[in-house]
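# Tertiary structure, described
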Amino acid sequence: QNINPQILQAYLDHVVPRTCSDGDDAQHGSSALADIAVLQALSRRVHYGKFVAEAKAQKDEGAFRELAARGDVEGIHSLLENVPVEDTVVRRAMTKAVVFGQDALSGNKPGYKVDPALVANLYRAMIIPLTKQVQVTYLLRRLGHADKVPQSPEDWPPYLRAFALGDKAEEQVLGY
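Structural notes, computed from the coordinates. Values in this document were obtained by computation on a predicted structure and should not be read as measured data. (Residues numbered from 1 in each chain as written. Predicted model: local features only at pLDDT ≥ 70, side-chain atom pairs only at ≥ 80, totals over all residues. Heavy atoms only, no water.)

The final tally for this structure, using the stated rule, is one aromatic pair. Ring centres of Y48 and F51 lie 6.1 Å apart, and the angle between their planes is 50°; on these two criteria the pair is classed as tilted. The partly exposed category is assigned to Y48, whose relative accessible area is 46%. Residue class for F51 comes out exposed when judged on its relative accessible area of 61%. (Phe/Tyr/Trp six-rings, centres within 6.5 Å; stacked < 30°, edge-to-face > 60°. Buried < 20%, exposed > 50% of the residue type's maximum accessible area, 1.4 Å probe, protein only.)

The next subject is the environment of T88. Residue placement: T88 occurs in helix α6 (residues 83-100). On the basis of relative accessible area, T88 is assigned to the partly exposed category, the value being 34%. Separated by 3.0 Å, the side chain of T88 and the backbone oxygen of P84 make a polar contact. (Helix = DSSP H or I, 4+ residues; strand = E, 2+ residues; numbered from the N terminus. Polar contact = N/O pair within 3.5 Å; in protein donor to acceptor, adjacent residues only side chain to side chain.)

Attention now moves to the packing of helix α1 (residues 4-19) against helix α7 (residues 116-142). Two numbers describe how α1 lies on α7: the axes approach to 12 Å, and their chain directions differ by 175°. Here α7 runs roughly antiparallel to α1, going by the angle between their axes. Residues Q6, I7, A10, Y11, V15, R18 and T19 of α1 touch α7, and the partners they reach there are L118, L122, M126, L130 and Q133. Considering only residue class, the contact of α1 with α7 consists of eight nonpolar, three polar and one charged. (Axes fitted to C-alpha atoms, helices over the stretch in contact; angles between N-to-C directions. Parallel < 35°, antiparallel > 145°, perpendicular 65-115°, else oblique. Contact = heavy atoms within 4.5 Å. Nonpolar A, V, L, I, M, F, W, Y, C, P; charged D, E, K, R; others polar.)

Among all positions in helix α4 (residues 61-70), only F64, L67 and A68 are buried. End-on view of α4: buried residues confined to an arc of 100°, all on one side of the axis. Counted as exposed and oriented over 90 degrees from the buried face of α4: G62 and R70. Tucked inside the fold, the buried residues of α4 contact α3 (49-59), α5 (73-80) and α7. (Arc of directions from axis to C-beta.)

Time to look at the pattern of salt bridges. For the structure on display, the rule yields nine salt bridges. Here R142 makes a salt bridge to E54, at a shortest N to O gap of 2.5 Å. Of this pair, R142 sits in helix α7 while E54 sits in helix α3, and the two are 88 residues apart along the sequence. Assessed through its relative accessible area of 29%, R142 is described here as partly exposed. Note that D147 and K148 form a salt bridge whose closest N and O atoms lie 4.0 Å from each other. A relative accessible area of 61% places D147 in the exposed class. Here the salt bridges share partners, and the residues they tie into one network are E54, E61, R65 and R142. (Salt bridge = Lys/Arg side-chain N within 4 Å of Asp/Glu carboxyl O.)

Taking 1.5 Å per residue as the helical rise, α7 with its 27 residues ought to reach 39 Å, and the 37 Å between its terminal C-alpha atoms agrees with that figure. Largest kink in α7: about 35°, centred on Y123. By the criterion of burial, α7 is predominantly enclosed, with 24 of the 27 residues buried. (Expected span 1.5 Å × (residues − 1). Bend = angle between axes of the 7 residues up to and from the residue.)

Formed by 24 residues in total, the largest nonpolar core has its most connected members in I7, L42, V46, L122, Y123 and M126. Going through the elements one at a time, α1, α2 (28-47), α6 and α7 are the ones with two or more residues in this core. The biggest single contributor to this core is α7, with 11 residues. Apart from the residues within four sequence positions on either side, M126 is in contact with I7, A10, Y11, V15, L42, N121, A162 and F163. Counting residues in hydrophobic clusters, the runner-up holds 15 residues, among them A53, L139, W156 and L160. (Core = buried A, V, L, I, M, F, W, Y, C linked by side-chain atoms within 4.5 Å.)

These results come straight from atomic positions and should not be treated as a statement about function.
Structural data, given as structure tokens:
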């Protein structure tokens, strides 16, 4: 499933307003190139979920096959979900934003290029849910039940849609 339209919409509605200053800096070419690079990276990250889904399905194909036959999106999701790993991924993303996102030598006031909590929230509220959506879709199709794939973003449970549960405070995003 190509969910790039959902990635683009979440990027425009939630990421750009939080990372860009109001106004026009007249750097349209640079901005367009940066947007393309970010969107490609987000898409690649989300669609890599297919490989994880395949590995998990190979370990317990019978259970996945049974759930797929029933079109049980929530059941497939529960077999795929690994909350401790998700929490680790979110913390790792935030740590990388802290380490690599410092703006100490630019002549600007020291700080971060992008708030590390925003990066963590991006993972928790956008990347992880969309990755799971790709995984569930992949498994339903691979197991011969493409007709059971939800057809529109609104047909998916809220926890499998980008920002459907809203933004969260840093403590909630990080899971502690």
